[in-house]
Each structure stands twice: as structure tokens, then as C-alpha cells.
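Chain residues, written in single-letter form:
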Amino acid sequence: MDAEFFLKLTAFSVVATLILWVINRVTHGKPLQTDFRLLTLYITTVTMIGIFGEIFLDTTYNIVVGRPLWHYQILPIHSTYTSYYAIVLWGMLGFYLYYMHQILKHNFHVQSKWKIATIFAGEALILESIINLASLWVFGKLIYFYTPDDLWHVTSVQNFPFYFVCGLLIVVILKRFQTFPIFFSLFNCFIVLIILLASLR
């Protein structure tokens with residue numbers, strides 16, 4: 001990866017994160033409260049679940065269907081099932097969810113893990129479509145290319161169940177991990193590091 005592309009990718013990520021923060025700020029309607037230990041836990045937990053889930057799901061889908069559900073086109077690893085850049089993408093989603101879970105609870109009184117998971121699945125499809133189209137505009141290619149053409153290869157409704165399960169896991173695991181946020185943040189980083197090192201074999 002050359003320096004120009006790295007700088008462009010970094011700027012792309014910063015702008016996307018700022019946009020996510022603005023969405024949360026506008027939805028909340030007042031200043032957002034931040035516990036940086038919990039924010040770090042959200043970012044690392046969502047990243048760990050997302051990276052592992054991508055590899056597991058796309059591997060399984062490939063075995064059953066005979067082709068992957070998606071393949072990454074930017075910094076791909078693990079047979080293009082995930083990517084080095086996926087760490088940033090899932091981290092941004094964790095950043096977004098930290099605030100959104102607060103908003104759902106306090107502004108809309110949504111506390112059911114089933115409802116939160118359903119909302120997450122819908123939001124994830126929309127957000128990944130937007131960032132994928134933005135990538136096409138900025139870099140000239142999609143970050144990830146979906147093999148089904150039901151949504152023009154930008155995302156796929158077939159991914160909704162995966163995101164729903166992810167949403168459930170995020171809620172359940174975060175509830176347990178919040179007892180020791182620093183320890184489990186480090187644990188999440190360790191798992192992600194193992195996955196990355198495995199891609200170097």
C-alpha cells in the first residue's frame with residue numbers, strides 16, 4: 001500500500017467516523033456522554049465479533065453455496081473473506097453503536113435485545129451500502145463486492161440474518177464484558193491480533 005493511498009484511506013475513515021458521530025449527536029438532540037473505557041470496549045468487542053464472524057460466515061457460505069457471499073477488494077486477507085481495513089470499519093461501527101445503544105435506551109426506551117438486534121441489522125445494511133458507494137466514488141472500487149446482485153453488489157439482503165445474529169452477540173457479550181472493561185478490551189485486541197497473524201501464514 002503506497003503512502004498516497006494510505007493517507008486517502010485514513011482521511012476517508014476519519015470523515016466517515018465524524019459523520020457517524022454527527023448522526024448520533026443529531027439523533028440524541030443534546031451533548032453525548034462518553035465513558036472512554038466503555039467506548040473502547042464497544043470498539044474492540046464489535047471489531048472482534050465482526051472480523052471473526054465475517055470469516056466464519058463467508059467460509060460457511062462458500063462451502064454450502066459454492067461461492068462466497070462477498071469478497072473484499074481493499075486490503076483483503078483470509079481468502080478475501082475479511083480485510084485489514086475491516087478492523088477500521090468494524091471499529092467505526094463499534095464507535096457508532098456505543099452512542100446509538102444509549103440513544104435507543106434513553107430516547108426511545110428500546111431495551112429488548114431482539115429489537116436492538118433487528119435495528120442493528122437494518123442499520124448495518126444501510127451504513128455498509130453508504131460507505132461502499134462512497135468508496136466507489138473515492139477509490140474507484142467497492143470495499144467489498146457482494147456476489148448476489150439483489151442490491152447491485154453493494155450489499156445483500158442475504159446478510160440481514162448475519163447482522164441480526166451479530167447484533168444479538170454484541171448486546172449479550174457486551175453485557176458480560178462490561179464487568180471488566182479494560183481486561184476484555186485487551187482480550188478482544190488479542191483475538192483480533194491472532195486472526196491477523198493467522199493471515200500471514
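This text follows the structure it describes.
Remember, predicted model here, so these are calculated numbers, not experimental data. (Residues numbered from 1 in each chain as written. Predicted model: local features only at pLDDT ≥ 70, side-chain atom pairs only at ≥ 80, totals over all residues. Heavy atoms only, no water.)

Undergrad: Which residues make up the side chain of T82, and what values do they have?
TA: Locating T82 in the fold gives a position in strand β3 (residues 82-83). Classification of T82 by relative accessible area gives buried; the value is 0%. Look past the residues within four positions of T82 in its chain and what remains in contact with it is I51, E54, I55, Y72, P76 and I77. (Helix = DSSP H or I, 4+ residues; strand = E, 2+ residues; numbered from the N terminus. Buried < 20%, exposed > 50% of the residue type's maximum accessible area, 1.4 Å probe, protein only. Contact = heavy atoms within 4.5 Å.)

Undergrad: Residue-level account of the packing of helix α2 (residues 36-65) against helix α3 (residues 84-106), with values.
TA: For the pair α2 and α3, the least separation of the axes is 7 Å and the interaxial angle reads 130°. Between α2 and α3, the interaxial angle falls into the category oblique. Between α2 and α3 lies a crossing of right-handed hand. Residues L38, L39, Y42, I43, V46, T47, G50, I51 and E54 of α2 touch α3, and the partners they reach there are A86, I87, W90, G91, L93, G94, F95, L97, Y98, Y99 and H101. Of the residues assigned to the contact of α2 with α3, the class counts are 14 nonpolar, 5 polar and 1 charged. (Axes fitted to C-alpha atoms, helices over the stretch in contact; angles between N-to-C directions. Parallel < 35°, antiparallel > 145°, perpendicular 65-115°, else oblique. Left-handed = near helix turned anticlockwise from the far one by under 90°. Nonpolar A, V, L, I, M, F, W, Y, C, P; charged D, E, K, R; others polar.)

Undergrad: Describe the state of the cysteines, and please don't skip the residues or the numbers.
TA: Taken as a whole, this structure holds 0 disulfides when the rule is applied. Residue C166 stays outside any disulfide, its sulfur separated by 18 Å from that of C189, the closest cysteine. (Disulfide = S-S within 2.5 Å.)

Undergrad: Quick rundown of helix α5 (residues 160-177)? Include the residues and the values.
TA: The terminal C-alpha atoms of α5, which comprises 18 residues, lie 25 Å apart, in line with the 26 Å expected from a rise of 1.5 Å per residue. If you check which residues of α5 are buried, you get F162, Y163, C166, G167, L168, I170, V171, I173, L174 and F177. (Expected span 1.5 Å × (residues − 1).)

Undergrad: Break down a nonpolar patch on the surface for me, citing the residues and quoting the values.
TA: Residues Y84, F190, L193, I194, L197 and L200 make up a contiguous nonpolar surface patch of roughly 580 Å² in combined accessible area. Sorting elements by how many residues they give to the nonpolar patch places helix α6 (residues 181-198) first, with 4 residues. (Patch = residues over 30% accessible without salt bridge, like charges linked within 9 Å, V, L, I, M, F, W, Y side chains within 5 Å. Areas by Shrake-Rupley, 256 points an atom, 1.4 Å probe, with all protein chains shown as cover. Salt bridge = Lys/Arg side-chain N within 4 Å of Asp/Glu carboxyl O.)

Undergrad: Can you break down unusual backbone geometry residue by residue, with the values?
TA: Backbone geometry at L75 places phi at a positive 50°, although glycine is not the residue there. By the element assignment, L75 lies in the loop between β1 (70-72) and β2 (76-77). A residue is classified by how much of its surface remains accessible, and L75, at 25% relative accessible area, is partly exposed. Phi is positive for S79, which is not a glycine, with a value near 60°.

Undergrad: Residue-level account of the packing of α3 against helix α4 (residues 113-139), with values.
TA: The geometry of α3 relative to α4 is characterised by a closest axis approach of 12 Å and an angle of 135° between their N-to-C directions. The angle between α3 and α4 places the two elements in the oblique class. For the crossing formed where α3 meets α4, the hand is right-handed. Along the contact surface, α3 presents L89, M92, L93, Y96, L97, M100, H101 and L104, while α4 presents I116, I119, F120, E123, L127 and I131.

Undergrad: Kindly report on α6, identifying the contributing residues and their values.
TA: In a regular helix each residue adds 1.5 Å, so 18 residues correspond to 26 Å; α6 covers 26 Å between its end C-alpha atoms and thus fits that length. Here α6 has its buried residues at P181, F184, S185, N188, V192, I195 and L196. Down the axis of α6, the buried set is contained in an arc of 125°. They therefore lie on one face. Facing away from the buried side of α6, by more than 90 degrees, are the exposed residues I182, F183 and L186. On its buried side, α6 packs onto α2, β2, α3 and α5. (Arc of directions from axis to C-beta.)

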